[in-house]
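# Structural characterization, general
Each chain is listed here by its residues.
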Amino acid sequence: MASPNSTFTELVSTTFNKHRKDVKDNVSKNNALLRRIYDKGNYRKEDGGLTIVCPLDYAENTTYQRYSDWDTLNIQASDVISAAQYQWRQIALSVVSSGRELRINSGDSRIINLAKAKIKNAIRTFKNNFSSDMYSAGSLTNQIGGLQSLIADAGTGTVGGIDSSTYTFWQNEVQSAAAPLQGGSAITPGPTTMESLWLPLWLELVRGEDKPDLIVCSNEYYTYYEQSQTSMKLYTSSQMAQGGFVSLKYKTADVIFDGGSGIPAAHAYFINTDYLDLVVHSQADLDELEEVRPVNQDGAVVTFLWIGNLTCSNRARQGVQKA
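Conventions used here
Residues numbered from 1 in each chain as written. Predicted model: local features only at pLDDT ≥ 70, side-chain atom pairs only at ≥ 80, totals over all residues. Heavy atoms only, no water. Helix = DSSP H or I, 4+ residues; strand = E, 2+ residues; numbered from the N terminus. Buried < 20%, exposed > 50% of the residue type's maximum accessible area, 1.4 Å probe, protein only. Contact = heavy atoms within 4.5 Å. Areas by Shrake-Rupley, 256 points an atom, 1.4 Å probe, with all protein chains shown as cover. pLDDT = per-residue confidence, 0-100. Polar contact = N/O pair within 3.5 Å; in protein donor to acceptor, adjacent residues only side chain to side chain. Arc of directions from axis to C-beta. Phe/Tyr/Trp six-rings, centres within 6.5 Å; stacked < 30°, edge-to-face > 60°.

In this section: the overall build of the protein. Regarding its fold elements, the protein presents nine helices and 15 strands. Counting across all 323 residues of the protein, residues that qualify as buried make up 47%. Once local pairs closer than 6 in sequence are excluded, the contacts in the protein between residues at least 24 apart make up 73%. Carbon and sulfur atoms form 49% of the exposed surface of the protein, whose accessible area is close to 16600 Å².

So this is what it looks like as structure tokens:
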């Protein structure tokens with residue numbers, strides 16, 4: 001007869017692996033940014049490397065010239081490509097049960113219920129913490145760099161190993177109500193002022209067809225924007241609605257509140273998700289670590305690993321509106 005330890009381990013492993021996609025779907029249903037990344041196919045796997053290398057297209061090709069007849073053509077090499085390097089960040093999630101707990105629940109139905117309860121708790125824990133990480137500044141030890149890092153309140157900082165104070169092309173846009181992009185005195189955010197704050201930021205971020213496709217708001221900023229649309233509220237889109245999100249439109253971008261996901265208060269992020277990727281290691285996408293049994297303790301441990309980071313290849317096309 002199989003021991004309670006081995007039965008529990010097998011149940012947890014089988015159940016978690018069977019529902020691994022559901023786990024990630026469950027997280028994305030509670031985070032609008034993650035939902036968009038999944039929908040656009042920007043959740044990608046890499047096999048390894050010391051860092052996550054993200055190529056950048058940051059300068060124009062200097063050989064463009066207008067010429068006539070036998071003019072000498074410019075064939076000088078142009079350094080238009082560089083790369084940001086993001087560190088691999090590691091997350092471990094363990095489902096643990098003591099030997100006493102396993103033996104008390106050693107019957108077939110009891111051990112199955114115990115495993116289900118432990119997995120449900122693990123999924124909820126991963127969902128809440130990873131969602132917060134997506135909006136973080138990456139300031140906690142081994143934390144991924146979230147939106148507060150990639151789209152910083154100051155617009156500067158060292159991201160992906162590139163110091164944006166030195167390389168100004170690597171700065172994101174900032175619309176501060178205290179010091180508006182359009183100049184003039186401070187603007188108090190509210191239903192009557194949101195569009196006056198958003199338009200200058202939007203215009204800074206648009207380059208032809210290259211424009212933000214997602215505006216993620218804290219609860220109060222979403223409230224201000226919706227209240228400002230008293231004459232006509234344009235709701236969208238069917239894809240986001242299927243993901244559980246109700247959104248408005250600003251220009252061509254979806255406007256979504258994500259207040260329960262870790263977004264800081266009094267913030268609206270203007271995101272061009274073409275340049276955002278969530279990169280995960282191909283061998284650690286909530287994959288199970290080989291079974292671990294404490295040598296001097298009575299219990300069972302099943303650990304799942306996630307290794308990756310959130311990356312950005314063009315900060316100049318990202319913006320934040322803050323108080």
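What follows continues from the structure just given.
Another point: the confidence of the model for the protein. Here the protein averages 87 in pLDDT, and 87% of its residues register 70 or above. Ranking the elements of the protein by mean pLDDT puts helix H9 (residues 238-242) last, at 50, and helix H6 (residues 147-150) first, at 98.

Moving on: the side chain of Ser-261. Within the element layout of this structure, Ser-261 appears in the loop between strand E11 (253-257) and strand E12 (267-271). Its relative accessible area of 2% is what places Ser-261 among the buried residues. In this structure the side chain of Ser-261 is engaged in a polar contact, spanning 2.8 Å, whose partner is the side chain of Asp-258. In this view, Ser-261 contacts Asn-30, Asn-31, Ser-131, Ser-132 and Tyr-135; residues no more than four positions away in its chain are not counted.

Restricting attention to buried positions, one finds in helix H8 (residues 219-228) the residues Tyr-221, Tyr-222 and Tyr-225. Angularly, the buried residues of H8 cover 100° about the axis, an arc narrow enough to put them on a single face. Looking at the buried side of H8, the elements it contacts are helix H7 (194-205), strand E8 (214-217), strand E10 (247-250), E11, E12 and strand E15 (319-322).

The next subject is unusual backbone geometry. A positive phi is found at Lys-251, a non-glycine position, where the angle reads about 55°. Assignment of secondary structure puts Lys-251 in the loop between E10 and E11. For Lys-251, a relative accessible area of 49% translates into the label partly exposed. One non-glycine residue, Ala-266, lies in the positive phi region at around 55°. As for its position among the elements, Ala-266 is in the loop between E11 and E12.

All right, on to the packing of aromatic side chains then. One pass over the structure, following the stated rule, counts twelve aromatic pairs. A ring pair is formed by Trp-198 and Tyr-225, whose centres lie 4.6 Å apart and whose planes are at 20°; its orientation type is stacked. Separated by 27 residues along the polypeptide, Trp-198 in helix H7 and Tyr-225 in helix H8 bring together distant segments of the chain. Comparing Trp-198 with Tyr-225 shows no difference in burial state: the two are buried. What links up through ring pairs into an aromatic cluster is the set Trp-198, Trp-202, Tyr-225, Tyr-250 and Phe-270.

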